[in-house]
Amino acid sequence: MAGGKTTFESWSARLMVRVPFLWLVVFFLVPFLIVIKISLSQTAIAMPPYVPVLDLAAGWAGIREFVAGLGLDNFAILLSDDIYALSYLKSLWVAAVSTAILLVIGYPIAYAMARAPRRLQSVLVMLVVLPFWTSFLIRVYAWINILQTDGLLNRALRAVGLIDVPVAWLASDTAIYIGIVYSYLPFMVLPLYATLEKLPQTLLEAAADLGCPRWKTFWLVTLPLSIKGVIAGALLCFIPIVGEFVIPDLLGSSSTQMIGQTLWTEFFGNKDWPAASAIAVVLLCLLVVPIVIYQHMQMRELERER
C-alpha cells in the first residue's frame, strides 16, 4: 500500500510539472513556430495569402520544394524601410515613459495600501481591481468622451479657470499616455503592494530606533527591499504596452503609430501575412530581452542567498 501511494504521489508530481510545459508547447511554441514559418514565406494572392505551402502528399520532393521557397526577404524589408524602425522605437519610448509614470503614481498608492489598517486593505485592493469589471474597450471609449473638445476634462478645466479655450487632448501623445496609465495602473500597484505588505516592520522600527529619519528609512530600507515588486510591476506594464494597439489607435493619431498598429495594418489592411509575421517575430525577440535580464538577476540573487 505504501509503495503504491508513493508511486501515485511520484506520478502526480511529474504530471503537475509536465502539464504547464505541455500548455506552453501547445499554445505558445507551436503557434510561434507557425508564425516563424509564415515570416519566412512570400506574399501571394491566394488562400492562404503566402507561399510556399507544405504539401505532405507530395512526399520528400514537396518538402524540399517547401524548404527551398523559404527566405529572409521579409526581415530584410524591415531593415530597409524606416517606418518599421520608427514604429519599434516609438513603441519602446511610449512603453518606457508610461512605465516610469506608472511607477511614480503606483508606488505611493501601493505604499499607502500596505500601511493602511489590515481591515481596510482588502477593500483597497478591490477598489484597485474594480476597473477590470468593465470591458477594456468600453473604458478606452469613455476616455474619448472625456478628452474630446467639449468633453468633461475641458469643461472642468474651464469651470475652474485654468483654460480659456478647449485643449485638443485627443489624437496626441498625451491622450495615449493618459489611456495607458489609467488602463495599466493596477498591473503596477498590485505587485508593489504584494511586496510592500510583506515588508518586515522590525527593520523599519530598528531604523527609527537608531535615529534614521523617515525619508532616509524609505530610501535605505523600504525601497531596496521592494525592488522585486518594482521590477515585476515594470515588466507587467512595459511588455504589453510595447505591443499595445487599441489605446494608440483610438486615442492617438497617424503620427503616433506604434508597432501594434503597424502589425495590424500589414495583416488586415495590406493582407501581407509574411511581413506581419516578421514584425511579430522581431517584436517578441525585443520583449524577450528584459525577461532574460530579469531571470538572470533572479538566478544571481538565489545564488547569493545560498
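Look up a bit, the structure's there.
Summarised in this report is the structure supplied together with it. If you're wondering where the values come from, they're calculated on a predicted model, not measured in any experiment.

Cut-offs used in this document
- Residues numbered from 1 in each chain as written.
- Predicted model: local features only at pLDDT ≥ 70, side-chain atom pairs only at ≥ 80, totals over all residues.
- Heavy atoms only, no water.
- Helix = DSSP H or I, 4+ residues; strand = E, 2+ residues; numbered from the N terminus.
- Contact = heavy atoms within 4.5 Å.
- Areas by Shrake-Rupley, 256 points an atom, 1.4 Å probe, with all protein chains shown as cover.
- Patch = residues over 30% accessible without salt bridge, like charges linked within 9 Å, V, L, I, M, F, W, Y side chains within 5 Å.
- Salt bridge = Lys/Arg side-chain N within 4 Å of Asp/Glu carboxyl O.
- Buried < 20%, exposed > 50% of the residue type's maximum accessible area, 1.4 Å probe, protein only.
- 1 Å grid on protein atoms, 1.4 Å probe; cavity = no way out; pocket = protein on both sides within 12 Å on 5 of 7 lines; lining within 4 Å.
- Points joined across faces, edges and corners; volume = space filled by probe spheres on them.
- Nonpolar A, V, L, I, M, F, W, Y, C, P; charged D, E, K, R; others polar.
- Core = buried A, V, L, I, M, F, W, Y, C linked by side-chain atoms within 4.5 Å.

The subject of this paragraph is the overall build of the chain. Tallying secondary structure elements over the chain gives 14 helices and 2 strands in all. With the principal axes as the frame, the chain shows a C-alpha extent of 80 × 80 × 35 Å. The contacts of the chain with a sequence gap of at least 6 include a subset with a gap of at least 24, amounting to 72%. If you sum the accessible surface of the chain, you get close to 18900 Å²; carbon and sulfur atoms cover 71% of it.

Taken together, the side chains of Leu22, Trp23, Leu24, Val25, Val26, Phe27, Phe28, Leu29, Val30, Leu33 and Ile34 make up a nonpolar region of the molecular surface, amounting to roughly 1100 Å² of accessible area. With respect to the secondary-structure elements, Leu22 resides in helix H1 (residues 2-39). Residue Leu22 is classed as exposed on the basis of its relative accessible area of 54%.

This part is about the layout of surface pockets. Taken as a whole, the largest pocket holds about 200 Å³ of empty space. If you trace the largest pocket, you find it lined by Phe27, Phe28, Pro31, Phe32, Val35, Gly243, Gly260, Leu263, Ala280, Val281, Leu283 and Leu284. Going through the elements one at a time, H1, helix H13 (259-269) and helix H14 (273-305) are the ones with two or more residues in the lining of the largest pocket. At 5 residues, H1 tops the list of elements feeding residues into the lining of the largest pocket. Its residues assigned to classes, the lining of the largest pocket comprises 10 nonpolar, 2 polar and no charged.

This part is about the nonpolar core. Within the largest apolar cluster, 46 residues are counted, with the highest numbers of intra-cluster contacts made by Leu102, Ile180, Tyr184, Ile241 and Leu251. With 12 residues, helix H8 (residues 173-197) is the single largest residue contributor to this core. When near neighbours in sequence (up to four residues on either side) are disregarded, Leu102 contacts Tyr107, Val181, Tyr184, Leu185, Met188, Cys237 and Ile241.

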